[in-house]
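Working through the structure, step by step
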Amino acid sequence: MDIIAIIGNTNTGKSLTIKELTGASRSGPRSIPYINGSQHTYVQIPALQESEMYAKDFFTEVNKHNVSIVIVTLRTNGTTKHGNLFPDAATYLDEFKNYGWNIIGVAELVKGARLTPTPNLARYTPIVISNVLSQPVKVNAQRLKSAWGIL
């Protein structure tokens with residue numbers, strides 16, 4: 001299983017970016033055109049932390065579907081919801097790797113002018129899109145489409 005992650009803090013346009021990137025309006029499996037042909041892809045629009053979903057639960061959900069690629073959004077930092085702690089993006093990515101998933105693309109959406117990734121994400125060599133709110137979502141999504149071979 002290959003996985004692409006779009007990461008950012010609250011209100012950085014993660015959901016809008018994934019919708020523009022995939023054409024999806026809700027989470028679930030769909031056919032996405034890639035340079036090497038259409039692939040059955042699971043698209044997770046709200047960040048897993050916002051959906052109150054742990055990596056193991058997401059892994060179980062995705063495996064119910066016959067998909068070869070997953071595109072997911074994650075919050076950069078962990079969060080607590082209803083008394084449950086949901087980890088940061090790097091922890092989710094580490095867990096996905098432990099499940100045997102191949103991380104083929106990571107993007108970090110940043111509100112400010114920072115050009116380097118959040119330190120705990122650096123090992124995943126994310127594409128950092130800074131000043132994300134000053135650019136149209138279509139521009140950011142097109143940059144990621146080109147990088148990841150999505151048509």
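Look above for the structure.
Before going into details, it helps to say that this report is about the structure given with it. (Residues numbered from 1 in each chain as written. Predicted model: local features only at pLDDT ≥ 70, side-chain atom pairs only at ≥ 80, totals over all residues. Heavy atoms only, no water.)

In this model, helix α4 (residues 137–148) (12 residues) spans 16 Å end to end at C-alpha, consistent with the 16 Å of a helix rising 1.5 Å per residue. Of all the residues in α4, the buried ones are N140, A141, L144, K145 and W148. Seen from one end, α4 has its buried residues packed into an arc of 140°, which puts them on one side. Exposed residues pointing more than 90 degrees away from the buried face of α4 are listed as K138 and S146. Close packing links the buried residues of α4 with β1 (2–8), α1 (14–22), β2 (28–34), β7 (102–109) and β8 (127–129). (Helix = DSSP H or I, 4+ residues; strand = E, 2+ residues; numbered from the N terminus. Expected span 1.5 Å × (residues − 1). Buried < 20%, exposed > 50% of the residue type's maximum accessible area, 1.4 Å probe, protein only. Arc of directions from axis to C-beta. Contact = heavy atoms within 4.5 Å.)

Let's shift gears to the sheet that holds β8. With respect to topology, 6 strands assemble into an open sheet ordered β2-β3-β4-β1-β7-β8, the strand pairing being mixed. The open sheet has two edge strands, β2 and β8, and neither has a second partner. In this sheet, adjacent strand axes meet at a mean angle of 25° when their direction is disregarded. Bridge analysis of β1 against β7 gives 7 bridges, and the strand direction is parallel. Counterpart to I6 in the pairing with β7 is A107. Running at roughly 165° to strand β4 (residues 69–75), α1 makes contact with β1, β2, β3 (37–44), β4 and β7 of the sheet. (Pairing = 2+ DSSP bridges. Axes fitted to C-alpha atoms, helices over the stretch in contact; angles between N-to-C directions.)

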